[in-house]
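# Descriptive structure summary
If you want the building blocks of each chain, they are given just below.
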Amino acid sequence: MPIKGLTDRGLALPEIGQIRKGAKKDPSANRPGADLTYFRVEFAEGEEKAAAQFAQVYGQKPNAIRVILPFNEIERMWDAWKEAYTAGRMVARSDGEYVSYMLDNKGEIVVHNWLDKNGNKMPHPQDNVAGYDYKNNPVKFKNTGRLKVIVPDLSRAAYLTVMTTSTHDIGNISDQLGAFKELNHGQLAGIPFILRRRAKLVSMPKPDGTRVRVRKFLISIEVDPEWAKAKFGELNALALPDFDGKLLTSGEDIQDVETEYDEDDEIVSEAEQPETVNQDTGEAEQSIEIIQVLGDWAVNEAAKHWNTEPSDAAKSIAKKWHGKMDKREFLELLHTS
Amino acid sequence: MESFDLVYASETVNKYVCSACWGDLETVRDPRDVTKYFVLCRKCKDETRGYVTKFYANRRRGESESEKLEAVKLLQSIGVLEKPAPKSIEQLKNELGF
């Protein structure tokens, strides 16, 4: 369904659509739509031609989109804030350290341009609560990231906004944009990038307080390999962030990332965890547990299996395997060794 | 969509515009509670999703002019948009009113 009104704003460089990560919110269920493995691209009402052109190139479920960034200044196209919304409007915005804008519950501005009425900076609230709504429910800050991108395949001076509320995405995008800017001597505008969904393992808390690693499809911005080779040469291109040397592949590249709790990821019971279901096939997947092959658990397990001292087991492991691996894979290797 | 008391609803109409189309807002009485009012976009009506300040909308409109100039120049330089054919001296003179 198209987005109403988006192109009626009177903008010279109009926003013609939005690129989202999740399924549409179910109005009957008070929770965000399920995380998808591909991008959900919604075009504005009246942009049917652009939507058709996009679908012709990328299909309905793209997990990689060619984009260019319109400016060299990151802050002009990438907004990453903690924002709080109630009664249909933003009531507070913060960078996580200080509040830049805040309304009280009567709609009066209490912080503007980083300063309160007394001219002081207001630190970000420790409890993450921006205020209280009409029903006296706390209104919390949430991470919000918006990236303006131009899709060159549309041949238009118009942009789409990539939306995310994931802490991991916001960190990734900020780091990647910063790195590319540094590598390319301050220039970002016009570089052909590939916006991709990449599977990564993310650590999340379970309701019982323990943590589990789950697969999340995060946003990754990668420089177009062909452009990188031409610009930096084959060897240097391989050193670029997240460059994998392939063009528009499936994006299935599981990496183990150490991350903190993503406050936007809802804590759901294990049975409900969307990551346990492959969203393409609909089949249940077992969660992946990553272990250090020289960690206590692995060494003790190997010592038990080989009937040796843990120190000897550690030496034997070090000769065979390195780093981290899936626990099940480790057990299989152990039993076949 | 939430309904507000008259003061809050009027303040919203005065200071905000529709978050989707940035069009003007209006108050509509809440049929369930005569003391409350919905604040709806004149264009989007029942599909109003939220509000942004008039200040923000005006600032973005201003910024957008220079953004377009930059974006068009960029897209022309990398071949996404065609460069306009150079104008003849006669055309330039005409445009300048000579």
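Provided above is the structure to which this section pertains.
Notes on the structure in this doc start here.

## Here's the deal with helix H1 (residues 48-58) of chain A
All names here are of chain A. Of all the positions in H1, only Ala50, Phe54 and Tyr58 are classed as buried. With its buried residues spanning 45 degrees around the axis, H1 presents them on a single face. With respect to the buried face of H1, the exposed residues turned more than 90 degrees away are Lys49 and Gln56. If you follow the buried residues of H1, they end up packed against strand E1 (15-22), strand E2 (35-43) and strand E3 (64-67). Where H1 ends, the next residue or the one after it, glycine 59, has phi of about 75 degrees, a positive value.

## Points about the interface of chain B and chain A
Chain B puts 32 residues into the contact, and the matching count from chain A is 34 residues. Both sides of the chain B and chain A interface together cover about 2900 Å² of buried area, and 54% of this is carbon and sulfur. Looking at the side of chain B facing chain A, the largest losses of area belong to Tyr8, Glu67 and Leu74 of chain B, adding up to 18% of the total buried there. Here chain B and chain A share two salt bridges between them. Linking glutamate 70 of chain B and arginine 76 of chain A is a salt bridge whose minimum nitrogen-to-oxygen distance equals 2.7 Å. For the interface between chain B and chain A, the tally reads eight residue pairs in polar contact (both at pLDDT 80 or more).

## Brief notes about the pairing of strand E3 (residues 25-29) of chain B
Along any regular strand, the residues point their side chains to alternate faces of the sheet. Residues and elements named next belong to chain B. In this structure, E3 lies alongside strand E4 (residues 36-41), joined through five bridges in antiparallel fashion. Counted as the bridge partner of valine 28 is phenylalanine 38 from E4. In this structure, the hairpin formed by E3 and E4 is closed by a connection of six residues.

## Points about the nonpolar core
Ile19, Ile65, Leu147, Leu160 and Phe193 of chain A are the most contacted members of the largest nonpolar core, which totals 48 residues. The dominant element in this core, judged by the number of residues it contributes, is helix H3 (residues 167-183) of chain A, at four residues. If near-sequence neighbours (up to four positions away) are discounted, leucine 147 of chain A is found in contact with Leu69, Met77, Trp78, Leu160, Thr161, Val162, Ile173, Leu177 and Ile221 of chain A. Formed by 27 residues, the second largest nonpolar core is a distinct cluster that contains Met102 and Leu103 of chain A together with Tyr8 and Cys21 of chain B.

## Quick notes on the sheet that holds strand E1 (residues 4-5) of chain B
Spatially, the three strands line up as an open sheet ordered E1-E4-E3 (chain B), and their pairing is antiparallel. Pairing within the sheet leaves two strands with one partner each, and these edge strands are E1 and E3 of chain B.

## Regarding the packing of helix H6 (residues 296-306) of chain A against helix H8 (residues 327-336) of chain A
All names here are of chain A. Interaxial distance between H6 and H8 falls to 11 Å at its minimum, and their mutual angle equals 25 degrees. Put simply, H6 runs roughly parallel to H8. H6 and H8 meet at a crossing whose hand is right-handed. Listed contacts from H8 to Trp297, Ala298, Glu301, Ala302, His305 and Trp306 of H6 are Lys327, Phe330, Leu331, Leu334 and His335.

## Quick look at the layout of surface pockets
All names here are of chain A. Looking at the second largest pocket, its volume works out to about 230 Å³. Taken together, 15 residues line the second largest pocket, and the ones lying closest to its centre are Thr86, Asp104, Asn105, Tyr132 and Asp133. For the lining of the second largest pocket, the secondary structure elements donating two or more residues are strand E6 (98-103) and strand E10 (129-132). At three residues, the largest contribution of residues to the lining of the second largest pocket is made by E10. When the residues that make up the lining of the second largest pocket are grouped by side-chain class, the tally is nine nonpolar, three polar and three charged.

Cut-offs applied
Residue positions are counted from 1 within each chain, in the order its sequence is given. Here every chain gets a letter starting at A, and every ligand a number starting at 1, in the order they are written. Totals for whole chains, interfaces and linings use every residue, but because this is a predicted model, local features are given only for residues with pLDDT of at least 70 and side-chain atom pairs only at 80 or more, for both listing and counting. Note that water and hydrogens are dropped before the side-chain values are worked out from all heavy atoms of the structure. The cut-offs for exposure are 20% and 50% of the maximum accessible area for each residue type, with area from a 1.4 Å probe on protein chains only; residues under the lower value are buried, those over the upper are exposed, and the others partly exposed. Runs of H or I in DSSP of at least four residues are treated as helices and runs of E of at least two as strands, each being numbered from the N terminus. Working note: the arc is built from the helix axis to C-beta atom directions. We call two residues contacting when some pair of their heavy atoms lies within 4.5 Å. Accessible surface is computed with a 1.4 Å probe, and the buried area is the amount of it that two parts give up when combined, taken over both parts together. Each salt bridge in this description consists of a side-chain nitrogen of Lys or Arg and a carboxyl oxygen of Asp or Glu lying within 4 Å of one another. Distance and chemistry together define a polar contact, namely a pair of N or O atoms within 3.5 Å, with one atom able to donate a hydrogen and the other to accept it when in protein, and with adjacent residues in sequence counting only for side-chain atoms on both sides. A strand pair is defined by DSSP finding two or more bridges across the two strands. Think of a nonpolar core as a cluster: buried Ala, Val, Leu, Ile, Met, Phe, Trp, Tyr and Cys residues, connected wherever their side-chain atoms sit within 4.5 Å. The angle between two axes is taken between their N-to-C directions and runs from 0 to 180 degrees, where each axis is a line fitted to C-alpha atoms and a helix contributes only its stretch in contact. Between 65 and 115 degrees an angle is taken as roughly perpendicular, under 35 as roughly parallel, over 145 as roughly antiparallel, and anywhere else as oblique. By the definition used in this description, the sense in which the near helix is turned from the far one sets the handedness, with an anticlockwise turn below a right angle giving left-handed and a clockwise turn giving right-handed. Here a cavity denotes a set of grid points, spaced 1 Å apart and computed over the protein atoms alone, in which a 1.4 Å probe fits but from which it cannot get out, and a pocket denotes an open set meeting protein on both sides within 12 Å along at least five of seven lines; residues with an atom within 4 Å of a point are reported as lining. Grid points are joined across faces, edges and corners, and a volume is the space filled by probe spheres set on the points. Lys, Arg, Asp and Glu make up the charged group, whereas Ala, Val, Leu, Ile, Met, Phe, Trp, Tyr, Cys and Pro make up the nonpolar group; the residues left over, Gly among them, are polar.

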